[in-house]
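Chains, contacts and geometry: an overview
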Amino acid sequence: MQIRLGYVAVPLSIKATSSSIVTYSHYKKLGVARGNEKLHKVIMSNFEDLKKILNYNIKNEISFFRMTSNLIPLGTHPEVNYEIFLTYKEQFIEIGNIIKQNDMRIDTHPDQFCVLNSINEVVVTSSINILKFHQSMFKAMGIDGKMILHVGSSAGGKRNAMKRFKENFLKLDPLLQKMIILENDDKVFNIRNTLKLCEDLKIPMVLDYHHHLCNNNGEKITDFIEKIFATWDNQTLNPKLHFSSPKNKKEKRSHSEYIEHEDFLDFIEKIKFTNKDIDIMLEAKAKDEALFRLIRQIKYEKEYKFIKNTVFLI
DNA sequence: GGTCGTCAAGGGGTG
DNA sequence: CACCCCTTGACGACC
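Reference entry: report on the structure contained in this document. Note that this is a predicted model, so its numbers are computed, not measured. (Residues numbered from 1 in each chain as written. Chains lettered and ligands numbered in written order. Predicted model: local features only at pLDDT ≥ 70, side-chain atom pairs only at ≥ 80, totals over all residues. Heavy atoms only, no water.)

1. Thoughts on the protein's contact with DNA strand B
Quick reminder of the rule: Definition of nearness: a residue and a molecule or strand are near each other if at least one heavy atom of the residue lies within 4 Å of the molecule or strand. Polar contacts, as counted here, are pairs of nitrogen or oxygen atoms within 3.5 Å of one another; within protein the pair requires one atom able to donate a hydrogen and one able to accept it, and residues that are adjacent in sequence qualify only if both atoms are side-chain atoms.
What surrounds DNA strand B is a group of 14 residues, the closest being Tyr24, Ser25, Ser118, Ser153 and Ser154. Taking the atoms of DNA strand B that fall within 4 Å of the protein, sugar and phosphate contribute 50% of them. A distance of 3.4 Å is found between a phosphate oxygen of DNA strand B and a backbone nitrogen or oxygen belonging to Tyr24. Contacts to DNA strand B include Ser118, whose side-chain N or O atom sits 2.5 Å from a phosphate oxygen.

In structure tokens, the structure reads:
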């Protein structure tokens, strides 16, 4: 069993974010010409930063990565007409080549405004636009990227909400459907609900273990893990998991700075019977530094062998 | 020259 | 109903 480790979006060790923004009110104030100029500057700096981050990851042998969803500010804003995919054709290709040449795995996590199962039609439409925009970015890069989503709203009760998710999902372009992965959340849709949807729709499920600890009906992870991994059977990618430690006892749902290495080892103990190669994304505030610290802490465990950021269970 | 409120967007929770 | 939270960086208003 091999476990690759990764982190989220923005490394702390180098000065690069790739998520610089332009607010719409600022854009409007500048007027179309100067607004677009401003957008161009920010987008170019985001591309430069993204290259820096990817190269940093390559240097550190971190082979999978959650890309920011803010690479192109106002990219889906209805009032901003800015030709992204022609203007930045070269930049997208350049990024895509770095990713492909280094065999990196790329995911995105569209943010809270992307609610495919909203009861508001307008929200559903704009959510679909967000998904299509991600699809276009992957296409422009020429990569096989994925988008990790939550089920979304619970309005009308979980059962209805899950039904709406299914209906809206099935209306999407089949190519887009194939890019979508569902993740259990920390409030509403637990591993049982999320797994059911993934099985019905034949899409992979990311297990977020922290969310599971916040939101469960007593489901034991050992009873579900094989079924969760089975949702990846037709994929070329390894099953992916999210792992983090709670900030403290009171703020259980927030992520802490670092990963508690005992928690991590306990978790691995629970799932190692599956003997699957997996990718674990660490969702800690200290990002890449949390990853490096975790490795330093568990490096000398007898059962584990390390090659850079990959853990091998012996 | 530092601090703070504001910003396209959803939804859930509280009082 | 009004306001708060999630998250996150830029920017302008203000002291």
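Moving on from the coordinates now.
2. What to know about the protein's contact with DNA strand C
This is how the line gets drawn: Each residue is assigned to one class: nonpolar for Ala, Val, Leu, Ile, Met, Phe, Trp, Tyr, Cys and Pro, charged for Asp, Glu, Lys and Arg, and polar for all the others, Gly among them.
Neighbouring DNA strand C are the residues Ser20, Ile21, Thr23, His26, Lys38 and Gln112. Near the protein, within 4 Å, the atoms of DNA strand C are sugar or phosphate in 54% of cases. Between Ser20 and DNA strand C, the recorded distance is 2.8 Å, taken from a side-chain N or O atom to a phosphate oxygen. Of the residues belonging to the surface near DNA strand C, the class tally is 1 nonpolar, 4 polar and 1 charged.

3. Thoughts on helix H3 (residues 89-101)
Quick note on the threshold: What counts as a helix is a DSSP run of H or I of at least four residues, what counts as a strand is a run of E of at least two, and both are numbered from the N terminus. Take the residue count of a helix, subtract one, and multiply by 1.5 Å to get its expected span. For every residue, the accessible area (1.4 Å probe, protein chains only) is compared with the maximum for its type, and the residue is labelled buried under 20%, exposed over 50%, or partly exposed between those bounds. Of all possible arcs, the one meant is that of the directions from the helix axis to the C-beta atoms.
Across its 13 residues, H3 extends 18 Å between first and last C-alpha, which sits within 8% of the 18 Å expected from 1.5 Å per residue. Buried residues of H3: Gln91, Phe92, Ile95, Gly96, Ile98 and Ile99, and no others. One face of H3 carries all of its buried residues, which in axial projection span an arc of 155 degrees. Along H3, exposed side chains directed more than 90 degrees from the buried face belong to Glu90 and Gln101.

4. Regarding the pattern of salt bridges
Worth spelling out the cut-off: We define a salt bridge as a contact between a side-chain nitrogen of Lys or Arg and a carboxyl oxygen of Asp or Glu at a distance within 4 Å.
By the definition in use, this model includes 16 salt bridges. Residue Arg4 pairs with Asp279 through a salt bridge whose shortest N-O separation is 2.8 Å. Highlighted residues: Arg4 in strand E1 (residues 2-8) and Asp279 in strand E8 (residues 278-282), separated in sequence by 275 residues. Neither residue differs from the other here; Arg4 and Asp279 are each classed as buried. In this structure, Glu167 engages Lys163 in a salt bridge whose closest nitrogen and oxygen atoms are separated by 3.8 Å. With a gap of 4 residues between them, Glu167 and Lys163 both fall in helix H5 (residues 158-170), about one helical turn apart. Note on Lys163: relative accessible area 53%, which makes it exposed. Each of Arg4, Arg105, Asp107, Lys240 and Asp279 takes part in salt bridges that share partners, so that together they form one network.

5. So, a negative patch on the surface
Rules: Residues enter a patch when their relative accessible area is above 30% and they make no salt bridge; the linking distance is 9 Å between like charges and 5 Å between nonpolar side chains (Val, Leu, Ile, Met, Phe, Trp, Tyr). For accessible areas, the Shrake-Rupley method is used with a probe of radius 1.4 Å. Any residue's cover is judged against the shown protein chains and nothing else. Under this rule, positive means Lys or Arg and negative means Asp or Glu; His and the chain ends count for nothing. Here the site of a charge means NZ on Lys, CZ on Arg, CG on Asp, or CD on Glu.
A surface patch of negative charge is lined by Glu260, Glu262, Asp263 and Asp266. Within the secondary structure, Glu260 sits in the loop between strand E7 (240-243) and helix H10 (261-271).

6. Quick notes on the packing of aromatic side chains
The line we're drawing: Only the six-membered ring of Trp is used, alongside the rings of Phe and Tyr, when aromatic pairs are assigned; centres must lie within 6.5 Å, and planes under 30 degrees apart are stacked while those over 60 apart are edge-to-face, with the rest tilted. Remark: a charge is flagged as sitting over a ring if the NZ atom of Lys or the CZ atom of Arg is within 6 Å of the ring centre and within 35 degrees of the ring normal.
In this structure the tally under the stated criterion is 12 aromatic pairs. A centroid spacing of 5.1 Å and a plane angle of 90 degrees characterise the contact between Phe47 and Phe92, whose relative ring orientation is edge-to-face. Here Phe47, found in helix H1 (residues 24-59), pairs with Phe92, found in helix H3; they are 45 residues apart in sequence, far enough to count as distant. Each member of the pair, Phe47 as well as Phe92, is classed as buried. Positioned above the aromatic ring of Tyr258, the side-chain terminus of Arg293 is 4.0 Å from the ring centre.

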